[in-house]
Amino acid sequence: MKYLRGATFHNSNFKFHDGAIGNKILVLLNTPTKKESCLLVKTTSQKKNKPSTYGCFLYYKTGIFFLPKKTTFLKEDT
(Lines give C-alpha, C1' and ligand atoms only; values in the text may rest on other atoms or scores of the structure.)
Protein backbone atom coordinates (compact mmCIF):
# COMPACT_ATOMS: atom_id res chain seq x y z
CA MET A 1 0.00 0.00 0.00
CA LYS A 2 1.36 3.42 -0.94
CA TYR A 3 0.82 6.33 1.39
CA LEU A 4 0.96 9.89 0.15
CA ARG A 5 2.37 12.95 1.85
CA GLY A 6 -0.26 14.49 4.10
CA ALA A 7 -1.89 11.19 5.07
CA THR A 8 -3.01 11.10 8.70
CA PHE A 9 -2.88 8.24 11.13
CA HIS A 10 -4.56 7.96 14.51
CA ASN A 11 -3.01 6.24 17.49
CA SER A 12 -5.91 5.74 19.90
CA ASN A 13 -3.62 4.19 22.53
CA PHE A 14 -1.03 6.99 22.74
CA LYS A 15 0.49 7.37 26.21
CA PHE A 16 0.91 11.04 27.16
CA HIS A 17 3.58 12.44 29.51
CA ASP A 18 1.11 12.54 32.39
CA GLY A 19 0.30 8.85 31.93
CA ALA A 20 -3.10 9.40 30.32
CA ILE A 21 -4.02 7.31 27.29
CA GLY A 22 -5.76 9.00 24.36
CA ASN A 23 -5.88 9.74 20.66
CA LYS A 24 -2.83 11.22 18.89
CA ILE A 25 -2.81 12.29 15.24
CA LEU A 26 0.31 11.57 13.18
CA VAL A 27 0.92 13.23 9.80
CA LEU A 28 3.05 11.76 6.99
CA LEU A 29 5.49 14.40 5.71
CA ASN A 30 6.83 12.53 2.69
CA THR A 31 5.69 10.10 0.01
CA PRO A 32 8.23 7.34 0.62
CA THR A 33 9.54 5.07 -2.10
CA LYS A 34 10.13 1.37 -1.42
CA LYS A 35 13.67 2.20 -0.25
CA GLU A 36 12.69 5.15 1.97
CA SER A 37 11.25 5.27 5.44
CA CYS A 38 8.07 7.09 6.34
CA LEU A 39 8.60 10.45 8.01
CA LEU A 40 5.78 10.90 10.52
CA VAL A 41 5.28 13.73 12.99
CA LYS A 42 2.97 13.81 15.97
CA THR A 43 0.63 16.74 16.41
CA THR A 44 -0.35 18.75 19.45
CA SER A 45 -2.79 21.54 20.14
CA GLN A 46 -1.14 22.32 23.49
CA LYS A 47 0.53 25.75 23.19
CA LYS A 48 2.88 25.67 26.22
CA ASN A 49 5.48 28.28 25.15
CA LYS A 50 5.49 27.11 21.53
CA PRO A 51 5.73 29.72 18.76
CA SER A 52 2.65 30.72 16.79
CA THR A 53 4.08 31.94 13.49
CA TYR A 54 3.24 29.72 10.49
CA GLY A 55 6.01 27.38 9.34
CA CYS A 56 9.23 25.94 10.70
CA PHE A 57 12.02 28.16 9.37
CA LEU A 58 12.22 30.05 12.67
CA TYR A 59 12.08 26.89 14.77
CA TYR A 60 14.25 24.32 12.96
CA LYS A 61 16.41 23.76 16.06
CA THR A 62 13.37 22.81 18.14
CA GLY A 63 11.74 20.56 15.55
CA ILE A 64 8.51 22.58 15.62
CA PHE A 65 6.32 23.35 12.62
CA PHE A 66 3.31 25.51 13.40
CA LEU A 67 0.05 25.24 11.44
CA PRO A 68 -2.65 27.81 12.26
CA LYS A 69 -6.21 26.50 12.38
CA LYS A 70 -8.14 26.93 9.15
CA THR A 71 -4.94 26.52 7.05
CA THR A 72 -5.42 22.73 7.04
CA PHE A 73 -8.18 20.26 7.92
CA LEU A 74 -7.08 20.42 11.58
CA LYS A 75 -9.59 22.18 13.81
CA GLU A 76 -7.07 23.72 16.23
CA ASP A 77 -3.71 25.49 15.98
CA THR A 78 -1.24 22.62 15.65
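Definitions and limits used
Residues numbered from 1 in each chain as written. Predicted model: local features only at pLDDT ≥ 70, side-chain atom pairs only at ≥ 80, totals over all residues. Heavy atoms only, no water. Helix = DSSP H or I, 4+ residues; strand = E, 2+ residues; numbered from the N terminus. Contact = heavy atoms within 4.5 Å. Areas by Shrake-Rupley, 256 points an atom, 1.4 Å probe, with all protein chains shown as cover. Lys, Arg positive; Asp, Glu negative; His and termini not counted. Charge placed at Lys NZ, Arg CZ, Asp CG, Glu CD. Pairing = 2+ DSSP bridges.

1. Details of the overall build of the protein chain
Now for step 1: A count of helical and extended segments in the protein chain gives zero helices and three strands.
Now for step 2: Along the protein chain, helices and strands appear, N-terminal first, in the series β-β-β.
Now for step 3: Overall, the protein chain is about 40 × 30 × 25 Å in size when its C-alpha atoms are taken along their principal axes.
Now for step 4: Within the protein chain, residue pairs in contact and separated by at least 24 positions form 18% of the contacts whose partners lie at least 6 positions apart.
Now for step 5: Of the roughly 6600 Å² of accessible surface on the protein chain, 56% is carried by carbon and sulfur atoms.
Now for step 6: Charge-centre separation for the protein chain: the mean point of 14 positive side chains lies 5 Å from the mean point of 4 negative side chains.

2. Focus: the environment of Pro32
Now for step 1: With respect to the helices and strands, the residue Pro32 is situated in the loop between strand 2 (21–28) and strand 3 (40–42).
Now for step 2: Taking C-alpha positions, Pro32 is 17 Å from Lys42, a pair spaced ten residues apart along the chain.
Now for step 3: Apart from residues no more than four positions distant in its own chain, Pro32 is found in contact with Tyr3, Ser37 and Cys38.

3. Considerations on the pairing of strand 2
Now for step 1: In the sheet, strand 1 (residues 8–15) pairs with strand 2 via six bridges, with the strands oriented antiparallel. Note on strand 2: the bridge partner recorded for His10 is Ile25.
Now for step 2: Taken together, strand 1 and the strand that follows it, strand 2, pair antiparallel across an intervening segment of five residues, in which Gly19 is found at a positive phi of about 95°.
Now for step 3: As defined by bridge partners, strand 2 adjoins strand 3 across three bridges and the pair is classed as antiparallel. When the sheet's bridge partners are listed, Val27 is paired in strand 3 with Val41.

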